[in-house]
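Residue-level listing of the chains:
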Amino acid sequence: MTSPQAPPALRLRRIYEVAPRDLDRAGTVSTEVRRELLALGMSPDVVRRASVVCFEGEMNMVLYSEGGRIILLVKEDRVELLFSDRGPGIADVDLASQPGYSTAPDWARELGFGAGLGITNMEQNSDLFKIRSRVGKGTVVRATILLGVPFF
Ligand SMILES: Nc1ncnc2c1ncn2[C@@H]1O[C@H](COP(=O)(O)OP(=O)(O)O)[C@@H](O)[C@H]1O
Ligand SMILES: [Mg+2]
């Protein structure tokens, strides 16, 4: 029996490594996440939002971090994406979250990155969104997409 206080049951957990500056593989995690969610029969809207969130978070780890991991958790009532990297961290998270703010290097801009809308996009496609960062340590982003109130 599940008590009302029990945490939502875990349906799926996947852990993906993200290598820094590896543009050839950039986007592979979001493609995998999309595939997993479709296989679980998630709605097109949830799949789209999770894919956007994952792609932007993955790109940021590839472009700006020393690499790390992305964890996908699917629970009864939500999809969670956890991004954690090995640094360098973000000195001013509020500033980095402003639409249009970007420190993308020239080589990344030449490839079309650096519009400064990635974090904004992640926030807009999540129901719950939190960035924690420590300079010299790393950045952790938690993005949650709620699946809607279950009908009893
Ligand atoms: N994981 C990260 N580690 C360090 N800095 C980051 C990370 N993610 C984002 N940033 C910083 O936040 C800025 C804004 O990110 P974002 O909104 O995705 O726009 P863009 O990637 O186009 O620059 C980046 O330019 C970078 O300076
Ligand atoms: Mg970005």
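Look up a bit, the structure's there.
Thresholds, definitions, all that
Residues numbered from 1 in each chain as written. Chains lettered and ligands numbered in written order. Predicted model: local features only at pLDDT ≥ 70, side-chain atom pairs only at ≥ 80, totals over all residues. Heavy atoms only, no water. Helix = DSSP H or I, 4+ residues; strand = E, 2+ residues; numbered from the N terminus. Rg over C-alpha atoms; globule rule 2.2 N^0.38 Å. Buried < 20%, exposed > 50% of the residue type's maximum accessible area, 1.4 Å probe, protein only. Contact = heavy atoms within 4.5 Å. Areas by Shrake-Rupley, 256 points an atom, 1.4 Å probe, with all protein chains shown as cover. Lys, Arg positive; Asp, Glu negative; His and termini not counted. Charge placed at Lys NZ, Arg CZ, Asp CG, Glu CD. Core = buried A, V, L, I, M, F, W, Y, C linked by side-chain atoms within 4.5 Å. Pairing = 2+ DSSP bridges. Axes fitted to C-alpha atoms, helices over the stretch in contact; angles between N-to-C directions. Near = heavy atom within 4 Å. Polar contact = N/O pair within 3.5 Å; in protein donor to acceptor, adjacent residues only side chain to side chain.

Q: Just checking my understanding: could you explain the overall build of the protein for this structure?
A: Summing up its helical and strand segments, the protein has 5 helices and 5 strands in all. Sequence-ordered secondary structure for the protein, helices as α and strands as β, is β-α-α-β-β-α-α-α-β-β. Taking 2.2 N^0.38 as the reference for a compact globule, 152 residues should give roughly 15 Å; the C-alpha atoms of the protein span a radius of gyration of 16 Å, in line with that estimate. Dimensions along the principal axes, computed over C-alpha positions, put the protein at roughly 55 × 30 × 25 Å. By the burial criterion, 39% of the 152 residues in the protein qualify as buried. Looking at the protein alone, contacts between residues at least 24 apart form 64% of all its contacts between residues at least 6 apart. As displayed, the protein has an accessible area near 9000 Å², and 53% of this comes from carbon and sulfur atoms. Distance from the positive charge centre (19 side chains) to the negative charge centre (19 side chains) of the protein: 6 Å.

Q: I would appreciate a short explanation of the nonpolar core in the present structure.
A: The nonpolar side chains of a soluble globular protein tend to be buried with one another. Judged by nonpolar contacts, the single largest core of 27 residues is most densely connected at Val33, Leu37, Ile70, Leu72, Val79, Leu81 and Phe83. Listed by contribution, the elements that provide at least two residues to this core are strand S1 (10-18), helix H1 (28-39), helix H2 (44-64), strand S2 (68-75), strand S3 (78-85), helix H5 (118-124) and strand S5 (138-146). For this core, the element with the highest residue contribution is H2, accounting for 7 residues. Discounting residues that sit within four places of it in the chain, Leu37 has contacts with Met42, Val47, Ala50, Leu72, Val74 and Val79.

Q: Teacher, can you tell me more about the sheet that holds S1 here?
A: Pairing between sheet strands relies on hydrogen bonds along the backbone, with the strands arranged either parallel or antiparallel. Taken in spatial order, the 5 strands line up as S1-S2-S3-S5-S4 in an open sheet, and their pairing is antiparallel. Two strands bound the open sheet, and with one partner strand each, they are S1 and strand S4 (128-134). Recorded for the sheet is a direction-independent mean angle of 10° between the axes of neighbouring strands. Pairing of S3 with S5 involves 7 bridges; the strand directions are antiparallel. Counted as the bridge partner of Leu81 is Ala143 from S5. Strand contacts of H1: S1, S2 and S3, with the helix running at about 165° to S1, the strand carrying the most contacts. Packed onto the sheet, H2 meets S1, S2, S3 and S5 and runs at close to 5° relative to S3.

Q: Help me understand the site of ligand 1 in this model?
A: Contacts to ligand 1 come from 16 residues, most closely from Tyr64, Ser102, Thr103, Gly116 and Ile119. In this structure, Ser102 approaches ligand 1 through a side-chain N or O atom, which is 2.5 Å from an oxygen atom. In the model, an oxygen atom of ligand 1 is placed 3.2 Å from a nitrogen or oxygen of the Ala115 main chain. Computed on the free molecule, ligand 1 has an accessible area of 540 Å², of which 92% lies beneath the protein chains in the complex. Among the secondary structure elements, those contributing two or more residues to the shell around ligand 1 are H2 and H5.

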